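Residue strings, one per chain:
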Amino acid sequence: MSGYCLYHSIGTYPAKQADTAQALAQFAEIWSREDDNQWPQALGARDRFIRSWERLIRAPEGTMTTVENVTVALSSLIGALPGEYLRGKRVLIAEDCFPSLHFLLAGLEERFGFRLDTVPLRQGQAYVEDEDYLEHWGEDVGLAVITWVTSTASKRADLSALAARARETRALTVVDITQGVGILPFAVGDFDVVIGSSLKWLCGFSGAGMLYVRTALLDRCEPELRGWFSQPNPFSWALDSFSYAPDARRFDHGTPAVLAAVASQPGLDFVLDTGVEVLRAHNLRLTRQLIAMAPDLGLVLASPVQEDRRGGSVMLKAQSVERAKVLVAHLKSQQIFVDHRGETLRFSPGIVTSEADLARLPDLIGSYAA
């Protein structure tokens, strides 16, 4: 056990190094053989990875595929939608979203004819309230981009209320589950699109992002970025007879990346085999400990105190950005690893994090918090 509290960035578990080394060594052996079986086994490994994700978030078979990251996933979706879904409508997103998604949408609104509407933070608040997001969500919203758990406050969205509004307005929904999947239970339910990463609580590697598209919507999507793997049969090379695959494979394009999926499979297996509920129970003991000691640390809680409104992280605000930098460096020197965004310290304890290490925080921070 350790003082590692960076699951909002890179997740880990006790056997991660050994499991990853074994998975990559096995793949290297397959890929280096002098035979013709490399691609069947490589694509089989990718397919297993996709099936594992389907199991994790209760997605029907054939509704998910791999992408490099959530930004690519959202871009692929925007370019695949029929024009009437977005043109002349609003795309709704909250100010506390993952910034990369906002950067993408801001660059696409003129081309695709939508207006990007960013729900602002209230003065002095660390996260956008669900009621504010819902208040902005009118009949003219064509697409609502929902952050399930925010990366700067660990605020968890009320998915039930948001799904209900989507049904009322008939707007499409995209849910970014990156900061919650693997530490909180999630099911795709009635949401149209789900995007996520195998980093964070899933203990995977970069490059192993995922895209889910609801079956009824899949049938209407024609991705701009398409290639030989977008077809029902990738080995059909007739130049005048292209057609899209009937499932999520239509969001594939050129030769798919496999290595990130191979490297990330052990972490996904760990989460599935251990159980999200077990991982969450350990996490809750530690986050409760952090919240209880916050006043003694001289830090202000920037995450919701209610557990049903919070993800797996706890954010604590220092008096200034400079003070936050000092605290991060000091804790690192004592083998407790956190980071900060502005003046906000981000603590994300997972399965390798010990209660004993967190119990050291009042003594370690002491005068540094003053």
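Under the annotation held in an unreviewed UniProt entry, the protein chain carries the name Class V aminotransferase and is attributed to Allorhizobium taibaishanense.

With that settled, consider the overall build of the protein chain. Of the regular secondary structure elements, the protein chain holds 12 helices and 13 strands. Relative to its length of 370 residues, the protein chain is compact, with a C-alpha radius of gyration of 22 Å against a globular reference of 21 Å. Overall, the protein chain is about 70 × 55 × 30 Å in size when its C-alpha atoms are taken along their principal axes. Here the protein chain, with 370 residues, has 56% of them falling under the buried criterion. For the protein chain, contacts bridging at least 24 residues in sequence account for 71% of all contacts bridging at least 6. For the protein chain, the exposed area adds up to about 16200 Å²; of that, 53% sits on carbon and sulfur atoms. Charge separation in the protein chain, taken as the distance between the mean sites of 36 positive and 45 negative side-chain charges, equals 2 Å.

A sheet is described by the order of its strands in space; here seven strands give the open sequence β2-β8-β7-β6-β5-β3-β4, paired in mixed fashion. In this open sheet, the two strands that pair with only one neighbour each are β2 (64-67) and β4 (115-119). Adjacent strand axes in the sheet meet at a mean angle of 20°, parallel and antiparallel pairs treated alike. In the packing of helix α2 (residues 38-57) onto the sheet, the strands contacted are β2, β7 (193-197) and β8 (209-213), and the crossing angle to β2 comes to about 120°. Set on the sheet, helix α4 (residues 99-112) makes contact with β3 (90-94), β4, β5 (141-147), β6 (172-176) and β7; between it and β4 the angle comes to about 150°.

Side chains of strand β13 (residues 344-347) alternate between two faces, with T344 and R346 and L345 and F347 buried alike. Pairing geometry for strand β10 (residues 314-317) and β13, over four bridges, is antiparallel. From the neighbouring strand, M315 faces β13, where its bridge partner is R346.

Most of β3 is tucked away, with five of its five residues classed as buried. Relative to β4, β3 runs parallel, the two sharing five bridges. Counterpart to L92 in the pairing with β4 is D117. Handedness of the β3-α4-β4 crossover: right-handed. Relative to β5, β3 runs parallel, the two being bridged by three bridges. Paired with R90 across the strands is V141, a residue of β5.

With that settled, consider the nonpolar core. The biggest cluster of nonpolar side chains holds 53 residues, and the ones touching the most others in it are W53, L56, I57 and W137. At the level of elements, α2, β3, α5 (130-136), β5, α6 (159-169), β8, α8 (259-274) and α9 (276-297) are the ones that each hand at least two residues to this core. When residues in this core are grouped by element, the largest group, six residues, is from α8. Formed jointly, this core draws a minimum of three residues from each of two domains, domain 1 (3-14 + 275-367) and domain 2 (16-272). One finds A73, L108, L172 and F251 within the second-largest nonpolar core, a separate group that totals 33 residues.

Let us now look at the environment of R46. Here R46 is to be found in helix α2. Residues R46 and V258 lie 212 residues apart in sequence; the distance between their C-alpha atoms is 5.9 Å. Not counting chain neighbours up to four residues away, the residues in contact with R46 comprise T65, T66, D252, P256 and A257.

Let us look at the packing of helix α1 (residues 16-31) against α2. Where α1 contacts α2, the axes come no closer than 9 Å and their chain directions differ by 150°. Overall, the two elements α1 and α2 adopt an arrangement that is roughly antiparallel. Between α1 and α2, the residues in contact are F27, I30 and W31 and Q38, W39, Q41 and A42, respectively. Its residues assigned to classes, the contact of α1 with α2 shows five nonpolar, two polar and no charged.

Taken as a whole, this structure holds 21 salt bridges when the rule is applied. Here D247 and R249 are joined by a salt bridge, their closest N and O atoms 2.9 Å apart. Notably, a salt bridge pairs R288 with E307, separated by 2.5 Å at the nearest N-O pair. Pair noted here: R288 is in helix α9 and E307 is in the loop between β9 (300-301) and β10, with a separation of 19 residues, a long-range link. Classification of R288 as partly exposed rests on a relative accessible area of 42%. With relative accessibility at 29%, the residue E307 sits in the partly exposed group. Bridged by salt links that share partners, the residues D47, R51 and E54 form one connected network.

Reading the values: the criteria
Residues numbered from 1 in each chain as written. Predicted model: local features only at pLDDT ≥ 70, side-chain atom pairs only at ≥ 80, totals over all residues. Heavy atoms only, no water. Helix = DSSP H or I, 4+ residues; strand = E, 2+ residues; numbered from the N terminus. Rg over C-alpha atoms; globule rule 2.2 N^0.38 Å. Buried < 20%, exposed > 50% of the residue type's maximum accessible area, 1.4 Å probe, protein only. Contact = heavy atoms within 4.5 Å. Areas by Shrake-Rupley, 256 points an atom, 1.4 Å probe, with all protein chains shown as cover. Lys, Arg positive; Asp, Glu negative; His and termini not counted. Charge placed at Lys NZ, Arg CZ, Asp CG, Glu CD. Pairing = 2+ DSSP bridges. Axes fitted to C-alpha atoms, helices over the stretch in contact; angles between N-to-C directions. Right-handed = clockwise from strand over helix to strand, strands pointing away. Core = buried A, V, L, I, M, F, W, Y, C linked by side-chain atoms within 4.5 Å. Domains from an automatic or database assignment. Parallel < 35°, antiparallel > 145°, perpendicular 65-115°, else oblique. Nonpolar A, V, L, I, M, F, W, Y, C, P; charged D, E, K, R; others polar. Salt bridge = Lys/Arg side-chain N within 4 Å of Asp/Glu carboxyl O.

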